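Working through the structure, step by step
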Amino acid sequence: EPPSSLRLERFAEGMSVQIMHVGPENEEARATMARLHDEFLPRHDLVTNGHHHEIYLSDPKRVAPEKLRTVLRQPVARREGTTGDVSSVPPPTGHAMR
């Protein structure tokens, strides 16, 4: 029986930025999200457009903590008065998409 707190939600988030985090959820993952908000978004004339969320690709019961894969995703919108294509913008410095 699933927990009563479990719910199904549909997201129609539109444009988003995302980065793959490999490893356990920890300070490094939180620091990556902070850099995305504080550096990446402003540099590319983007603003948040909803709450960030995480997509867990690995089962923590079957995968070693250092190999867990999680997509960190933030819905965004272009800052008012700006235009441009961000489809091929590289990730924040020091991070790589995997």
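A brief structural summary. Quantities reported herein were computed from a predicted structural model and do not represent experimental measurements.

Looking now at the pairing of strand 4 (residues 69-78). Of the strand pairs in this sheet, strand 1 (residues 16-22) and strand 4 are connected by seven bridges, and their pairing is antiparallel. Bridge pairing in strand 4 links Met20 to Val71. Sheet topology places strand 2 (residues 46-48) next to strand 4; three bridges connect them, and they run antiparallel. Looking at strand 4, one finds that Leu46 is bridged to Arg78. Judged from the four bridges that link them, strand 3 (residues 53-56) and strand 4 form a sheet pairing that is antiparallel. Residue pairing for strand 4: His53 is matched across the bridge by Arg73.

A separate point is the side chain of Glu13. With respect to the helices, strands and loops of the structure, Glu13 is situated in the segment before strand 1. Polar contacts involving the side chain of Glu13 include one to the side chain of His53, which spans 3.2 Å. Setting aside chain neighbours within four positions, we find Glu13 in contact with His53, Arg73 and Pro75.

Within the fold, Ile55 resides in strand 3. Overall, the relative accessible area of 28% leaves Ile55 in the partly exposed class. The sequence separation of Ile55 and Val71 amounts to 16 residues, and the corresponding C-alpha distance is 5.0 Å. Each residue touching Ile55, except ones within four places of it in the same chain, is listed here: Arg69, Thr70, Val71 and Arg73.

Definitions and cut-offs
- Residues numbered from 1 in each chain as written.
- Predicted model: local features only at pLDDT ≥ 70, side-chain atom pairs only at ≥ 80, totals over all residues.
- Heavy atoms only, no water.
- Pairing = 2+ DSSP bridges.
- Helix = DSSP H or I, 4+ residues; strand = E, 2+ residues; numbered from the N terminus.
- Polar contact = N/O pair within 3.5 Å; in protein donor to acceptor, adjacent residues only side chain to side chain.
- Contact = heavy atoms within 4.5 Å.
- Buried < 20%, exposed > 50% of the residue type's maximum accessible area, 1.4 Å probe, protein only.

Just geometry here; none of it tells us what the structure is for.
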